[in-house]
Each structure stands twice: as structure tokens, then as C-alpha cells.
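# Residue-level structural notes
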Amino acid sequence: MSIPHRWPGVAKEAVLIARPNRFLAVCKLGRRVVEAHVPDRGRCLDLLVPGRAVALVAARGPLRRTSFTALLARSGTGVWVCLDPAGAPRLVAEALAQGLLPWGLLPARREIAVGHSRIDLLLQPGDVLCEVKSVGAARDGVALFPDAPTLRGLRHLALLTRLSRRGRKCALVLCAQRGDVRAVRADADIDPAFARALRRAAAAGVRVGAIACAADLEGMQLQREIPVLL
């Protein structure tokens, strides 16, 4: 079953010309040169490569500076990769509901305020706090997170680790938004602090899991649970 992309409208294939900054892509769409917002905060150095295919959807809303949103990017292996990190929690929620992530837990609420932070999902039974991280980078069939140093990710891991040590049930799910990976791991070359924090979290009792999802112009397809290489 395909899960529609969060942005409505028909996705159109274009070619990336340049990425002047992290949030802007200049693309050739047919005979036009257009600007598109890039929602992924990461570097995407192995995805947003000039000359590669991207998929754009028309932007909506009067306050948008750009006319399009960059929805997907074609990887070096030829698969589409989703550039929508904010869409990952709904994929994980659906994976739990379908039993693809066989934890025996179901999503009950989203965007849970915990102190000064927000955690993506509350799972039941057991009031399990579950943070979700979207993964787009990959090498040799292994998805890699993060693709840029992440202070926000460190804060989330530190929070989950503290809560878990105090007896609160906590989880982290790494959601690979590409269909060509067999496992996922923290990229210690990019962010060694995050890799160490992930191992500490797992040792403290935070449940760590991962899923892979394939992307295409129509939507996302849940594929399978994949191992996390700690």
C-alpha cells in the first residue's frame, strides 16, 4: 500500500542545476528554470548533486518564496530518496499499526511535550515515548544517520537516556526513506558524539529500531524492519 506524500499535487521530475544554500534548489523543469524549497535540513551531498533527477511538487500558500518543494532526489544507485524528514513519524506510526515493526505497540498521540523538547510519538500500551529520525544518506547498502552534525539529535538522545534510566519506557526509530538499504547505523565519521550517544541510549534501555521505506512519485511504501548496527 502506498502512503501519499504529505504535499498534495502531482510530483514532476526535474533536473537539479544548483543548490545555492541548504534550503534552496535551482532546477530545470521542462524548459523552465525554477526554484524549489528543500525541506531536508541535512547536507544531502550524495543526493542533491547537479545533473541528478529530483521530483518537485507545486507549492501552496501565499507566503511561499519558492514555487515548488523538492520532494525526492535520485540517489547514485538510481532509487528515489524522500527529502521530507517531517514525514517520517507518520511512516513509523503506520509501520507499528501494520505490525511491520513488531513491537506490539500502537501510536496513541503525536508531538508530545517533554520539558523543553517535543517527542514524535507516544505509543501504547506502556506510555512509551518514541522519537523518530529520518535517514536519507547511505553507503554500500547501509543507511547512515546523521549526514551532518546534529545537536537536536543529541538532545533527544540525552533526554531519552535520562528518562529510561529513571524507569520511563523510551524508544528511537530510524526511518530510512529509501528502498535500497539492508541496515542502518550512526555515521561516526560525520558525528561521533551522536554515535556514542546512541550506544549509551541503547545500553540505558532505550529501545532502538529501524524500518526501510521505498519512495516514488506517488508516495511511500513501507518495506520491512531492518537492523540497527550499533
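Small disclaimer: the values here were computed from a predicted structure and weren't measured. (Residues numbered from 1 in each chain as written. Predicted model: local features only at pLDDT ≥ 70, side-chain atom pairs only at ≥ 80, totals over all residues. Heavy atoms only, no water.)

Turning to the layout of surface pockets, a few remarks are in order. One number sums up the size of the largest pocket: a volume of about 730 Å³. Around the largest pocket sit 32 residues that line it, and Asp 40, Arg 41, Pro 85, Phe 145 and Arg 152 are the ones nearest its centre. With five residues, strand 10 (residues 128-135) is the largest single contributor of residues to the lining of the largest pocket. Of the residues that constitute the lining of the largest pocket, the class distribution is 15 nonpolar, five polar and twelve charged. What lines the second largest pocket is simply Arg 43, Leu 45, Asp 46, Ala 137, Ala 138, Arg 139, Leu 144, Pro 146, Asp 147, Asp 187 and Ile 190. Looking at the lining of the second largest pocket element by element, the count peaks at three residues for strand 11 (residues 137-139). Here the lining of the second largest pocket is built from residues that sort into six nonpolar, no polar and five charged. (1 Å grid on protein atoms, 1.4 Å probe; cavity = no way out; pocket = protein on both sides within 12 Å on 5 of 7 lines; lining within 4 Å. Points joined across faces, edges and corners; volume = space filled by probe spheres on them. Helix = DSSP H or I, 4+ residues; strand = E, 2+ residues; numbered from the N terminus. Nonpolar A, V, L, I, M, F, W, Y, C, P; charged D, E, K, R; others polar.)

Another aspect to go through is the pattern of salt bridges. Pairing is possible between side chains that carry opposite charge, provided their charged atoms lie close to one another. All told, the structure shown has five salt bridges when counted by the stated rule. For the salt bridge of Arg 65 with Glu 35, the shortest nitrogen-to-oxygen distance reads 3.4 Å. Here Arg 65 is found in the loop between strand 5 (53-58) and strand 6 (68-74), whereas its partner Glu 35 is found in strand 4 (residues 32-37), with 30 residues between them in sequence. With a relative accessible area of 32%, Glu 35 lands in the partly exposed category. Arg 118 is the salt-bridge partner of Glu 111, the closest N and O atoms lying 3.1 Å from each other. (Salt bridge = Lys/Arg side-chain N within 4 Å of Asp/Glu carboxyl O. Buried < 20%, exposed > 50% of the residue type's maximum accessible area, 1.4 Å probe, protein only.)

Time to look at helix 1 (residues 88-98). Each α-helix turn comprises 3.6 residues. Residues three or four places apart therefore point the same way. Every buried residue belonging to helix 1 is among Ala 88, Pro 89, Leu 91, Val 92, Ala 93, Ala 95 and Leu 96, and all of these are buried. Gly 99 occupies a position one or two residues after helix 1 and carries a positive phi of about 80°.

So, on to the packing of aromatic side chains. Counted according to the given criterion, the structure contains one aromatic pair. With centroids separated by 5.2 Å and ring planes inclined at 65°, the aromatic side chains of Phe 145 and Phe 194 adopt a geometry described as edge-to-face. Of this pair, Phe 145 sits in strand 12 (residues 142-145) while Phe 194 sits in helix 3 (residues 192-203), placing them 49 residues apart in sequence. A relative accessible area of 11% means that Phe 145 is categorised as buried. Over the face of the ring belonging to Trp 7 we find Arg 6, whose NZ or CZ atom lies 5.2 Å from the ring centre. (Phe/Tyr/Trp six-rings, centres within 6.5 Å; stacked < 30°, edge-to-face > 60°. Lys NZ or Arg CZ within 6 Å of the ring centre and 35° of its normal.)

For the structure on display, the rule yields one cavity of 30 Å³ or more. For the largest cavity, the calculated volume is near 30 Å³. The wall of the largest cavity is formed by His 5, Arg 6, Cys 82, Asp 84, Gly 87, Arg 90, Leu 91, Gln 177 and Met 220. Tallied by class, residues from the lining of the largest cavity come to three nonpolar, three polar and three charged.

Once that is clear, we can look at the pairing of strand 2 (residues 12-21). The pairing of strand 2 with strand 5 spans four bridges and is classified as antiparallel. Opposite Val 15, over in strand 5, you have Ala 53 as the bridge partner. Inspection of the sheet shows strand 2 paired to strand 3 (residues 24-29) by four bridges, in the antiparallel sense. What sits directly across from Val 15, in strand 3, is Lys 28. Here strand 2 hands over to strand 3 after two residues, the two strands then running antiparallel side by side. (Pairing = 2+ DSSP bridges.)

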